[in-house]
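Working through the structure, step by step
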Amino acid sequence: MNERVDPMNSIALSSQVRLARNFADIPFSPRMQPADYERVIERTEAALCGEHYTLKRMAQLRWSARECMMEAQLIRPELAQTDEGALLLNEDKTVAVMLGEEDHLRVQAVLPGLQLGAAMQLAERVEHTIERERGFAFDRRWGYLTVRPDDAGTGLHASVTLHLAALYMLGRVDRVIRALPKKDFEVRGVYGAGNDACGQIYQLSNRVTLGRTEEEILEMVGQAADEVMKHERAARQALLENDRLKLEDKLMRSYGILLHARLLSLNELMDRLSSARLAADLGLIDVTQAQLSSLMIDGQPATLERIAGHRLEQRDGDVMRAQIVQRALA
Amino acid sequence: MMCDECGKNPATVRIITVTDGAKVEEKLCSECWRRRNLQVLGQLSPGEMLAKLLGIEVEMDEPELSVEMEEVEDEPEWERDWEEEEEEEEESGPVCPKCGTSYSEFRRTGMLGCADCYIAFEKLLEDQPHAAQGGALHMGRAPEQPAEEMDAQRRVDTLRRQMVAAIKMEDFERAAALRDEIKAMELADIANEMKGEQGDE
């Protein structure tokens, strides 16, 4: 598999691997009692004790704090909406173990760029550590048993987060996505609801978890991501060849707005950051992708309020958003 | 309440057919209803079919046959009791002995209640495999068992499928390498078996 972090051409923003696991001796979530959630949390915390994980119990977090974690893609809404669940997070935030979501455990590892194999190793190491303590529900025919048979088998969902700015400009995102076999892959916008991907950031992941080995799934997702990236690269090339100056002008004007606007709505921020990413990829501006990624999260409503330290009305939010962007890029 | 025709999907349409004064009632899911409609269309002449598709009333060959259609939700009050009885009956279908989750509950929520549900509903999960998973067998890793120690047979199966995929993608170099690997594994397997038989003697 192609493993690379390519700062000059960062179409693949991050690679994510998620393993769904359930303890064999505890009922699944639809039949769980509060004491069962406690057992899941205590067991996992004990297994990972000494590995520098921080435990965050949902019951002890206000809704705004849970929202921030959702905006940072650390937890999914399913976990945020429970009071019994918890999150174990490692120091560099590359590994997040969601406890008491649909499945007892969702071990999630995220690494920058296209490196699914390395993310898998990271997730599996954590999963083995927990498994040594107490066995997971497993069956030779069905593999790892999950609450939904959709996830059974490997329990593995591998995904690549892709920035498809040029395909979006040319109106070709849908066509490229539709070319992927629908029964094998799912593509969704990371920000924004439904198909309307805010900031042109998409997540490509496998649907099928049963009947394939872990390696095959990683390879399939890696190959599909490569295919989409090839199209994005071609689209960038086409834009440059068509009228390089016009493209550069468009991107730099957009960047000028980021640097000088007094009011920035969330949607505008996401669009301008997308242009800035492309500008950075083309070497037009000296800003790192990591800087832009963290601005993307800081500009989200709940995170923005946390930075401000108080609730923000929409207009105050737009002011604040413009300020943090300018502070970061100045 | 399930479809009378396929018995798989919940019924959404009730059809009352009156032939010579005798009333026959059927409950169908939307899929079977559509299929039935297509069959009816198939028996029509091209002109009649066009008229039917366009929603124009035509004189049918069998004027005494009338089809009434209504949404199942809108059924009269007196039928409700019977309806509920049937649903209760259905609830009592297969139930997981360990956690008490019924199969119909699983059909409704998509969620199983414990690890034993996979055993309790095994046949049903296999017979109506999930759309995405297609009744496949687990090929991945088992607990505490790294990839190298996977069952030899499963490893061969995996390699074989990878080889087919490679051929499809016209990566013949890779396909040939996989073929050699499969051969080597099968030979090793036979050698092992022979050794075992000699040991028995």
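Residues numbered from 1 in each chain as written. Chains lettered and ligands numbered in written order. Predicted model: local features only at pLDDT ≥ 70, side-chain atom pairs only at ≥ 80, totals over all residues. Heavy atoms only, no water.

1. A closer look at the interface of chain A and chain B
By convention, interface size is frequently given as the accessible area that disappears when the constituent parts associate. Operational definition: Two residues form a contact once any of their heavy atoms are found within 4.5 Å. By definition, the buried area sums, over both parts, the 1.4 Å-probe accessible area that each loses when the two are put together. Put simply, a salt bridge is a Lys or Arg side-chain nitrogen that is within 4 Å of an Asp or Glu carboxyl oxygen. Nitrogen and oxygen atoms within 3.5 Å of one another constitute a polar contact, given that in protein one can donate a hydrogen and the other can accept it, and given that sequence-neighbouring residues count only through two side-chain atoms. The numbering of helices and of strands both runs from the N terminus, where a helix is a DSSP run of H or I of at least 4 residues and a strand a run of E of at least 2. Amino acid classes used here: Ala, Val, Leu, Ile, Met, Phe, Trp, Tyr, Cys and Pro are nonpolar; Asp, Glu, Lys and Arg are charged; the rest, including Gly, are polar.
Contacts between the two partners involve 39 residues from chain A and, on the opposite side, 39 residues from chain B. The contact between chain A and chain B buries some 3,300 Å² in all, and 52% of this surface belongs to carbon and sulfur atoms. On the chain A side of the interface with chain B, the three residues burying the most area are R31, R141 and W142 of chain A, jointly 20% of the side's total. Taken together, the connections running from chain A to chain B amount to five salt bridges. A salt bridge links R141 of chain A to E122 of chain B, with the nearest nitrogen and oxygen atoms 3.9 Å apart. Where chain A touches chain B, the interface holds twelve residue pairs in polar contact (both at pLDDT 80 or more). Among the elements of the structure, helix 4 (116-133), strand 7 (143-144) and helix 7 (214-260) of chain A are those that each provide at least two residues to the side of chain A that touches chain B. If one sorts the elements of the side of chain A that touches chain B by residue count, helix 7 of chain A sits on top with five residues. Partitioned by chemical class, the residues of the side of chain A that touches chain B number 14 nonpolar, ten polar and 15 charged.

2. Remarks on helix 9 (residues 289-298) of chain A
Residues and elements named next belong to chain A. The test is simple: Between buried and exposed lies partly exposed: a residue is buried under 20% and exposed over 50% of the maximum accessible area for its type, with that area taken using a 1.4 Å probe on protein chains only. In this description, the arc belongs to the directions extending from the helix axis to the C-beta atoms.
Listed as buried for helix 9 are Q289, L292, L295 and M296. Down the axis of helix 9, the smallest arc covering the buried residues is 125°, so these residues share one side. Those residues of helix 9 that are buried are in contact with strand 1 (12-21), strand 10 (201-206), helix 8 (266-281) and helix 11 (314-329).

3. Concerning unusual backbone geometry
Residue and element names in this part refer to chain A. For Q73, which is not glycine, the phi dihedral falls at a positive 60°. Inspection of the secondary structure puts Q73 in the loop between helix 2 (63-71) and helix 3 (77-80). One non-glycine residue, K93, adopts positive backbone phi at about 60°. With respect to the secondary-structure elements, K93 resides in the loop between strand 3 (86-90) and strand 4 (95-99).

4. Quick word on the packing of helix 9 of chain A against helix 11 of chain A
All names here are of chain A. Under the convention used in this document: Between the N-to-C directions of two axes lies an angle of 0 to 180 degrees, each axis being a line fitted to C-alpha atoms and, for a helix, fitted only over the stretch in contact. Roughly parallel means an angle under 35 degrees; roughly antiparallel means over 145; roughly perpendicular covers 65 to 115; every other angle is labelled oblique. Take the far helix as the reference: if the near one is turned anticlockwise from it by less than a right angle, the crossing is left-handed, and if turned clockwise, right-handed.
Between helix 9 and helix 11, the least distance of the axes is 10 Å, while the angle of their chain directions is 165°. Classified by the angle their axes make, helix 9 and helix 11 are roughly antiparallel. Where helix 9 crosses over helix 11, the two elements pack in a sense that is right-handed. Along the contact surface, helix 9 presents Q291, L295 and D298, while helix 11 presents I324, V325, A328 and L329. For the contact of helix 9 with helix 11, the class distribution of residues is five nonpolar, one polar and one charged.

5. A closer look at the state of the cysteines
Test applied: Two cysteine sulfur atoms make up a disulfide if the distance between them is within 2.5 Å.
As enumerated under the stated definition, the model contains zero disulfides over all chains in all. No disulfide involves C68 of chain A; its sulfur sits 17 Å from the nearest other cysteine sulfur, which is in C198 of chain A. Lacking any disulfide linkage, C117 of chain B is separated from the closest cysteine sulfur, that of C99 of chain B, by 3.6 Å.

6. As for the confidence of the model for chain B
If pLDDT is low for a region, its predicted coordinates should not be looked at in detail. All names here are of chain B. As a reminder of what qualifies: What pLDDT expresses is the predictor's confidence in each residue, scored from 0 to 100.
Within chain B, residue pLDDT values average 68, and 49% of them lie at 70 or more. At the level of individual helices and strands, chain B shows its lowest average pLDDT in helix 3 (residues 77-91), which scores 46, and its highest in helix 4 (residues 103-109), which scores 89. Every residue in residues 57-68 is under pLDDT 50, and counting partners more than four places away or in other chains gives 16 contacts. Within the model, the stretch residues 70-90 combines pLDDT values under 50 with 24 contacts to residues more than four positions away or in other chains. Confidence metrics for the complex model read pTM 0.71 and ipTM 0.83.

7. A few points about the packing of aromatic side chains
We apply this condition: For Phe, Tyr and Trp, rings pair up if their centres lie within 6.5 Å, where Trp contributes its six-membered ring, and each pair is then called stacked (planes under 30 degrees apart), edge-to-face (over 60) or tilted (otherwise).
This structure, assessed with the given rule, holds five aromatic pairs over all chains. Between W142 of chain A and Y118 of chain B the ring centres are 5.7 Å apart and the planes differ by 50°, which places this aromatic pair in the tilted class. Of this pair, W142 of chain A sits in the loop between strand 6 (138-139) and strand 7 while Y118 of chain B sits in helix 5 (residues 117-120), on two different chains. With a centroid separation of 5.4 Å and 65° between ring planes, the pair formed by Y103 of chain B and F121 of chain B is classed as edge-to-face.

8. Quick word on the nonpolar core
To keep things clear, this is the line we draw: To qualify as a nonpolar core, a set must consist of buried Ala, Val, Leu, Ile, Met, Phe, Trp, Tyr and Cys residues joined through side-chain atoms within 4.5 Å.
Among the nonpolar cores identified, the biggest contains 83 residues, and V17, V97, L162 and L258 of chain A are the most heavily contacted of them. Per element, the largest residue contribution to this core is 15 residues, and it comes from helix 7 of chain A. F28 of chain A together with C96, L112 and C117 of chain B belong to the second largest nonpolar core, which has 20 residues in total.

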